[in-house]
Amino acid sequence: MSVTNLFSDVPTNLPNELIQTVLTAASVRIERIVSHGHSSPPNFWYDQDRHEWILLVKGAAKLRFDNEWIEMKPGDFVNIPAHHRHRVEWTTPDEPTIWLAVHYGEAT
């Protein structure tokens, strides 16, 4: 068994957001996401088939859900039900934003 650190190998120059699968099991997928000033493309909305629980580990971010906005700081988490449209409006440009995303449940 080996230990891996969530903060290891964080790239400093990211042309695109980095999404790495940490674990996949029966009905769960855990991802480490690294953003560095990234946001969702204009007019793009996530509309996922599975629930997503997101923990902001480092940095800061703003998420949008239709007409609702939330700001996230380290330690904040949110549970997004399947097919609840959302987008990333902003992440810190001066340091990496590190997320832990847990996708769970059966696809709908």
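Residues numbered from 1 in each chain as written. Predicted model: local features only at pLDDT ≥ 70, side-chain atom pairs only at ≥ 80, totals over all residues. Heavy atoms only, no water.

Quick word on the sheet that holds strand β5 (residues 68–72)
- Taken in spatial order, the three strands line up as β5-β4-β7 in an open sheet, and their pairing is antiparallel. Whereas interior strands pair on both sides, the edge strands pair on one side only; in this sheet they are β5 and β7 (87–91). This sheet shows a mean twist of 20° between the axes of neighbouring strands, independent of strand direction.
- Relative to β5, strand β4 (residues 61–65) runs antiparallel, the two being bridged by five bridges. Residue pairing across strands places L63 opposite I70, the latter belonging to β5. (Pairing = 2+ DSSP bridges. Helix = DSSP H or I, 4+ residues; strand = E, 2+ residues; numbered from the N terminus. Axes fitted to C-alpha atoms, helices over the stretch in contact; angles between N-to-C directions.)

Digging into the packing of aromatic side chains
- Evaluated as defined, the whole model comprises two aromatic pairs.
- Look at W53 and F77: their rings are 5.4 Å apart centre to centre, the planes differ by 40°, and that puts the pair in the tilted class. With a gap of 24 residues between them, W53 in strand β3 (residues 51–58) and F77 in strand β6 (residues 77–80) connect regions that are remote in the sequence.
- Owing to a relative accessible area of 55%, F77 belongs among the exposed residues under this scheme. (Phe/Tyr/Trp six-rings, centres within 6.5 Å; stacked < 30°, edge-to-face > 60°. Buried < 20%, exposed > 50% of the residue type's maximum accessible area, 1.4 Å probe, protein only.)

Some thoughts on the pattern of salt bridges
- Taken as a whole and judged by the stated rule, the model has five salt bridges.
- Between K73 and D76 there is a salt bridge, with its nearest N and O atoms 3.4 Å apart.
- The exposure class assigned to D76 is partly exposed, which follows from its relative accessible area of 21%.
- In this structure, R87 and E89 form a salt bridge, with 2.5 Å as the shortest nitrogen-oxygen distance.
- Each of R64, R87 and E89 takes part in a single network of salt bridges with overlapping partners. (Salt bridge = Lys/Arg side-chain N within 4 Å of Asp/Glu carboxyl O.)

So yeah, pure geometry; function would need other evidence.
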